[in-house]
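So you can see what is in the structure, the chains are spelled out below.
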Amino acid sequence: MAARRLPFRADPAPNPPRRRVRVTFDGKAFEALDGEPLAVALLAADRPILSRSFRFHRPRGLMCSTGQCGWCECEVDGRPSVRSCQVPVRDGLVARGEHAWPSVGRDLFGWLDVGSRWVPPTFYHHRFLRPRSLRKRYLDVIRGFGGRGRLGNGRAGEGRTRVAREMDVGVLVVGGGRAGVAAAEEAAGRGERVAIVEAVAGRTRPAHPDVRVLDGAAAIGWYDGVVTAIDDETLWSIRAGSVIAATGSYERVPSVGGADRPGVMGARLALALIGEHRVLPGERPILVGETTDLAQIGPAFANAGVRAVGPVPTAALLRVLGRRRVSGAIVEVDGRRRRVAADVVVFGDRTPNLDLPLAAGAAVELRGGVLEPVLDDAGRTTVPGLSIVGSAAGRVTPRSGPAVAAPTGRTLVCFCEDVHADEIHAQVSTGYGDSELVKRRTGALTGPCQGKYCLQSFCSAMASNGARPADLPTTRPPLRPTRLGDLVTDDDA
Amino acid sequence: MNLPRTAGVVIVGAGIGGLGFARELAARGVKDIVVLERDYPGAGATGRNVARIRRMQLTEELCRVAMACQDKYERMGGELRSNVLFYRLGYAWILYDPSEVARMRDVVAMHARLGIRSALLSPQDTLHHLPIFEGGEPVAGSVLSDDAIVHHDAVVWAHLDHLARRGVTVHPRTRVIGIEQSDGRVTAVVTDQGRIETPVVLNAAGGWSGELNAMAGVRMPNRPHRREVLVTAPLQRSIEAAVTFYRPSEGWFNQTLRGEIVMGTVDPDEPADVNQRSSWSFLQRTATLMTRKAPALRDVTVIRQWAGMYDITPDHLPIVGPTAQLEGWWQALGWSGRGMLLAPYLTELLAEHLVTGEAPAMLSQFLPDRFPPTAEERQLETDYYSRYTPGSGSVSPGTTSPPGSPASTMTSSGNTTLRPGA
């Protein structure tokens with residue numbers, strides 16, 4: 001397999017035409033197109049492994065391209081753990097893989113994964129007590145295995161401060177996608193003072209003149225009813241009569257073994273790669289899932305001259321094969337297991353982005369294995385003044401499909417911390433099955449994505465053990481990882 | 001797990017104080033110990049701290065206690081057969097005011113007398129040992145010691161596993177709703193899961209201990225204050241000490257064994273309240289202060305913030321022991337931000353006190369009745385209770401419930417059940 005670049009179409013041609021620039025990754029220089037995301041440039045240069053997982057150094061690559069999963073984190077120009085899908089390439093950029101030796105592509109520590117079965121979470125809490133004289137040495141070694149990035153010198157953000165500002169509006173819409181804009185325009189039509197917070201600059205252009213857009217402002221918290229957001233100049237705290245979460249959805253990685261291998265990616269990313277970035281992610285794609293995104297991806301591959309297998313239902317995907325990248329998949333067709341050769345697995349399933357409602361304390365429940373908000377007919381959550389529209393409201397996966405099965409065995413529940421389903425079950429069986437304790441004892445939900453990609457399977461795994469959905473672990477701010485330097489205000493602390 | 005109907009000792013709060021006391025009582029052969037927890041074990045301050053175990057204190061008295069406390073932690077892993085990740089990371093006070101440097105000379109000399117390894121470092125040596133401060137606000141010096149950190153969750157689990165082996169049951173998600181008493185003695189604990197008769201109760205409820213004391217009509221001067229913390233994505237080992245600075249603004253940070261940097265700053269105007277909610281102003285305040293002191297921290301990524309409580313007493317020393325206000329009502333509270341350090345050792349002394357009937361000498365500075373209420377306060381409380389217990393001469397002093405709330409009800413047995421104000 002190899003990802004490769006596709007020719008840009010005459011219509012619409014990139015304007016101005018993209019310049020070729022030189023970028024360095026792990027000491028090797030390669031060509032990229034000026035302004036494209038670093039992670040895309042690396043994929044196009046056939047460098048699918050961008051990072052290594054924290055515990056077992058499993059290879060990870062570009063999966064979602066929304067800046068939320070953290071699988072593409074690299075050191076970029078001396079700054080640690082930067083999500084490379086969000087970094088536009090420029091000439092002379094220097095990036096480096098983290099948490100690997102000698103390199104993320106060939107990481108000797110990757111062998112740890114082979115022995116993962118014998119290294120349960122927090123195993124060191126019961127070991128390394130003898131001999132007494134070596135206790136500190138043991139911990140020194142464990143400390144050496146921790147950490148990811150290297151602490152930089154802080155020069156990149158030097159002297160940069162933001163202004164803290166407050167804003168009062170009648171209606172605040174978080175998320176400027178289709179559903180958010182529609183909700184904002186509807187409210188503006190009623191004469192409300194409306195603002196939209198949208199993290200992706202330039203994406204939101206409401207037709208109604210009275211809808212204010214905080215362009216490029218990412219919502220990062222809900223603090224006692226005040227929504228906070230951060231853009232290039234400002235730290236916003238926004239009070240609103242009502243808040244509408246139109247935060248969309250996250251990719252729902254299939255709950256099967258090997259689903260974190262480089263080459264497994266969300267359908268939206270695959271569409272953007274082919275359509276926008278003109279990078280073909282692989283020659284032998286297999287499509288998995290039932291959503292509308294998948295209806296577009298087959299023709300997109302076909303236009304690039306590649307025939308895709310599927311789509312097969314999510315439940316039919318049993319396993320993704322390949323050690324360093326996807327080499328195939330095992331699927332069940334007509335009751336028979338088949339091995340399909342593939343170099344990219346495109347999945348369509350998504351799960352509502354409930355970050356804001358969960359931070360606000362809104363009730364959610366598992367429906368058919370999918371974590372969804374509890375809403376009344378008007379889309380209101382259980383938190384006064386907070387409602388949800390669009391795919392965040394939970395209409396992502398068609399209900400007709402079979403329930404999403406709870407993860408079992410060696411299937412990963414939490415990707416950041418490499419927590420397997422059987423480790424969750426084992427912890428519950430110790431008698432301390434409270435979800436808060438399971439979270440702490442296994443490390444599930446505590447990594448850099450803070451549960452965005454694992455809360456649902458964590459809850460499914462817990463529910464299959466009889467835990468109540470009400471026992472959901474607390475969601476803590478900020479809603480997305482934020483540089484400490486980006487939170488600096490110019491007023492004296 | 002059904003609650004027993006009777007118990008020898010009921011411990012309210014499965015934090016480090018309650019679990020430590022349970023462990024020490026069990027070790028002394030006490031049977032029928034029941035631990036109640038309103039949430040999950042370690043849900044309060046015990047699970048919301050960074051577990052610095054330091055001997056280096058400012059006064060000789062406290063240094064001596066802290067030395068015994070650190071020894072206890074050093075032994076804990078072996079004793080409980082569970083690694084609590086005791087690690088001599090190092091500990092540093094960073095000084096910004098030259099006058100503080102002069103004062104620290106005496107402190108370091110006192111440390112040396114006691115056998116605590118600490119040193120006063122020049123600004124150059126400070127930056128050499130802690131290059132994280134390079135390029136930041138100029139430091140005037142620092143005091144560095146070889147003190148340790150542990151893993152707070154590991155400490156909780158070590159206790160839980162140990163207690164399970166000893167047959168002591170911890171009841172999570174069990175809320176105390178009332179305390180029954182008779183003739184100045186505690187007789188039973190009423191919970192939302194049932195009632196337990198007991199002659200001895202330990203209040204180890206941390207930030208909620210004031211609420212619990214109010215139910216028992218016991219008055220103590222501890223008040224909870226929120227303290228906030230943020231955590232960064234893990235980084236390679238780069239900060240070789242847990243650091244704290246007090247003046248001109250109070251803040252601290254250190255790197256965990258996993259590589260995350262935990263840090264916090266203190267809002268001097270934080271009001272007394274049961275409050276574990278995170279705030280936006282904390283993030284801004286901490287980012288601004290920390291990056292001014294240590295510019296390299298600009299690049300670290302905040303992945304989560306949380307809040308816990310310091311249960312603070314007027315003299316910033318914990319309240320550990322029985323009280324004359326109510327017989328059978330024991331206390332291990334008011335840790336004032338030092339619970340993780342002090343509780344395992346002080347609850348050992350407390351267990352010794354309960355079993356032998358005599359307070360060990362080391363405990364004397366922590367005994368609860370060192371804060372006698374003023375005559376005026378006593379009168380106010382007596383007036384307050386006389387409204388609910390007509391004709392009764394023996395009323396318990398003290399509550400924090402506002403007048404007018406139904407603070408007490410008569411039970412069929414004639415005992416008084418006190419509930420917290422609505």
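Nothing here was measured: the structure is a model prediction, and the numbers come from that model.

Caption draft 1: Representation of the overall build of chain B. If you tally the helices and strands in chain B, you get nine helices and 21 strands. Put simply, 71% of the contacts in chain B that link residues at least 6 apart link residues at least 24 apart.

Caption draft 2: Up close: the overall build of chain A. If you tally the helices and strands in chain A, you get nine helices and 30 strands. Taken over the C-alpha trace, chain A has a radius of gyration of 23 Å; the compact-globule value for 493 residues is 23 Å, and the two agree within 12%. When the backbone C-alpha atoms are referred to their principal axes, chain A occupies close to 70 × 60 × 60 Å. Contacts in chain A between residues far apart in sequence, at least 24 positions, make up 62% of those at least 6 positions apart.

Caption draft 3: Quick peek at unusual backbone geometry. The amide bond that connects A:Pro477 to the next residue, A:Pro478, takes the cis arrangement and shows omega of -10°. Within the secondary structure, A:Pro478 is located in the loop between helix 9 (455-463) and strand 30 (482-483). For the bond from B:Arg247 to B:Pro248, the omega torsion is 0°, close enough to zero to count as cis. Note that B:Pro248 resides in the loop between strand 14 (242-245) and strand 15 (251-255). Of note in the backbone geometry, A:Arg278 takes a positive phi value of approximately 55° without being a glycine. Locating A:Arg278 in the fold gives a position in the loop between helix 4 (267-275) and strand 17 (279-280).

Caption draft 4: Structural context of the interface of chain A and chain B. At the junction of the two partners, chain A supplies 53 residues and chain B supplies 49 residues. Within the residue set of the side of chain A that touches chain B, elements represented by two or more residues are strand 7 (79-83), helix 2 (135-145), strand 12 (218-223), strand 13 (226-230), strand 14 (234-245), helix 8 (435-442) and strand 30 of chain A. Here the residues of the side of chain A that touches chain B sort into 22 nonpolar, 17 polar and 14 charged. Across two bridges, strand 30 of chain A lies against strand 17 (residues 301-312) of chain B in antiparallel orientation. The residue of strand 17 of chain B that forms the bridge with A:Thr482 is B:Val302.

Caption draft 5: Broad picture of the sheet that holds strand 3 (residues 28-33) of chain A. All names here are of chain A. Across the sheet, which stays open at both edges, the five strands sit in the order 3-2-8-6-7 with mixed pairing between neighbours. Whereas interior strands pair on both sides, the edge strands pair on one side only; in this sheet they are strand 3 and strand 7. Pairs of neighbouring strands in the sheet enclose a mean axial angle of 40°, with direction left out of account. Two elements, strand 6 (residues 73-76) and strand 7, share three bridges in a ladder whose sense is antiparallel. By the bridge assignment, Val76 is partnered in strand 7 with Arg79.

Caption draft 6: The arrangement of the sheet that holds strand 22 (residues 336-341) of chain A in detail. All names here are of chain A. Pairing is antiparallel across the open sheet formed by three strands, whose spatial order is 20-21-22. Of all strands in the sheet, those with a lone pairing partner are strand 20 (317-321) and strand 22, marking the two edges. The mean angle between the axes of side-by-side strands here comes to 20°, regardless of whether they run parallel or antiparallel. The pairing of strand 21 (residues 328-333) with strand 22 spans six bridges and is antiparallel. Opposite Val331, over in strand 22, you have Arg338 as the bridge partner.

Caption draft 7: A look at helix 1 (residues 16-27) of chain B. All names here are of chain B. The first and last C-alpha atoms of helix 1 sit 16 Å apart over twelve residues, in line with the 16 Å expected at 1.5 Å per residue. The buried fraction of helix 1 is high, at ten of twelve residues. Every buried residue belonging to helix 1 is among Ile16, Gly17, Gly18, Leu19, Gly20, Phe21, Ala22, Arg23, Glu24 and Leu25, and all of these are buried. Where the residues of helix 1 are buried, they touch strand 1 (9-12), strand 2 (33-36), helix 5 (152-166), strand 12 (200-203), strand 19 (329-333) and helix 8 (339-356). Gly29 sits one or two positions beyond helix 1 and adopts a positive phi of about 80°.

Caption draft 8: Structural view of the pairing of strand 6 of chain A. All names here are of chain A. With burial as the criterion, each face of strand 6 is covered, one bearing Glu73 and Glu75 and the other bearing Cys74 and Val76. Counting the residues between successive antiparallel strands, the hairpin from strand 6 to strand 7 contains two residues, one of them, Asp77, with a positive phi of roughly 50°. Bridge count for strand 6 against strand 8 (residues 94-96) is two bridges, and the pairing is antiparallel. In the strand pairing of strand 8, Glu75 is matched with Arg96.

Caption draft 9: Region of the structure containing the environment of B:Gln70. Residue and element names in this part refer to chain B. Mapped onto the fold, Gln70 is located in helix 2 (residues 60-80). Residue Gln70 is classed as buried on the basis of its C-beta count, with 22 C-beta atoms lying within 10 Å. With 272 residues separating them along the chain, Gln70 and Leu342 place their C-alpha atoms 8.6 Å apart. Contact partners of Gln70, with chain neighbours within four places excluded, come to Ile53, Arg55 and Ala148.

Caption draft 10: Representation of the packing of helix 1 of chain B against helix 5 of chain B. Residues and elements named next belong to chain B. Between helix 1 and helix 5, the shortest axis-to-axis distance is 10 Å and the interhelical angle comes to 35°. The handedness of the crossing between helix 1 and helix 5 comes out as left-handed. Where helix 1 abuts helix 5, its residues Ile16, Leu19, Gly20, Ala22, Arg23 and Ala26 lie against Val155, Val156, His159, His162, Leu163 and Arg166. Of the residues assigned to the contact of helix 1 with helix 5, the class counts are seven nonpolar, three polar and two charged.

Caption draft 11: Looking closely at helix 4 of chain A. Among the residues of helix 4 of chain A, A:Ala267, A:Arg268, A:Leu269, A:Ala270, A:Leu273 and A:Ile274 are the ones counted as buried. Where helix 4 of chain A is buried, its residues meet helix 1 (38-44), strand 16 (264-266), strand 17, helix 5 (292-303) and strand 23 (344-347) of chain A.

Caption draft 12: Representation of the nonpolar core. Judged by nonpolar contacts, the single largest core of 264 residues is most densely connected at A:Leu172, A:Ala229, A:Val345, B:Ile11 and B:Val150. With ten residues, helix 8 of chain B is the largest single contributor of residues to this core.

Caption draft 13: Representation of the confidence of the model for chain B in the model. Residue and element names in this part refer to chain B. Of all residues in chain B, 89% have pLDDT values of 70 or greater, and the mean over the chain is 90. Taken as a whole, residues 389-422 scores under 50 in pLDDT and shows 68 contacts with residues more than four places along the chain or in a different chain. In the predicted assembly, ipTM is 0.94 and pTM is 0.91.

Caption draft 14: Structural context of the packing of helix 4 of chain A against helix 5 of chain A. Residue and element names in this part refer to chain A. Between helix 4 and helix 5, whose axes approach to 9 Å, the crossing angle comes to 35°. Handedness of the helix 4/helix 5 crossing: left-handed. For the pair helix 4 and helix 5, the contacting residues are Ala267, Arg268, Ala270, Leu271, Ile274 and Gly275 in the first and Asp293, Leu294, Gln296, Ile297 and Ala300 in the second.

Caption draft 15: Focus on the environment of A:Gln68. Along the chain, A:Gln68 falls in the loop between strand 5 (59-60) and strand 6. For A:Gln68 and A:Arg83, which are 15 residues apart along the polypeptide, the C-alpha to C-alpha distance reads 8.2 Å.

Caption draft 16: Highlighting the environment of B:Met340. Residues and elements named next belong to chain B. Within the fold, Met340 resides in helix 8. With 295 residues separating them in the primary sequence, Met340 and Ala45 have C-alpha atoms 8.6 Å apart. Apart from the residues within four sequence positions on either side, Met340 is in contact with Ile16, Thr46, Asn49, Ala51 and His152.

Caption draft 17: The arrangement of the pairing of strand 11 (residues 194-197) of chain B in detail. Residues and elements named next belong to chain B. As paired strands, strand 10 (residues 185-191) and strand 11 are joined by four bridges and run antiparallel to one another. Each residue of the ladder has a partner; that of Thr191, found in strand 11, is Gly194. Between strand 10 and strand 11, which pair antiparallel in sequence order, lie two residues.

The rules we used
Residues numbered from 1 in each chain as written. Chains lettered and ligands numbered in written order. Predicted model: local features only at pLDDT ≥ 70, side-chain atom pairs only at ≥ 80, totals over all residues. Helix = DSSP H or I, 4+ residues; strand = E, 2+ residues; numbered from the N terminus. Contact = placed C-beta atoms within 7 Å. Rg over C-alpha atoms; globule rule 2.2 N^0.38 Å. Nonpolar A, V, L, I, M, F, W, Y, C, P; charged D, E, K, R; others polar. Pairing = 2+ DSSP bridges. Axes fitted to C-alpha atoms, helices over the stretch in contact; angles between N-to-C directions. Expected span 1.5 Å × (residues − 1). Buried ≥ 20, exposed ≤ 12 C-beta atoms within 10 Å, placed from the backbone. Left-handed = near helix turned anticlockwise from the far one by under 90°. Core = buried A, V, L, I, M, F, W, Y, C linked by C-beta atoms within 7 Å. pLDDT = per-residue confidence, 0-100.

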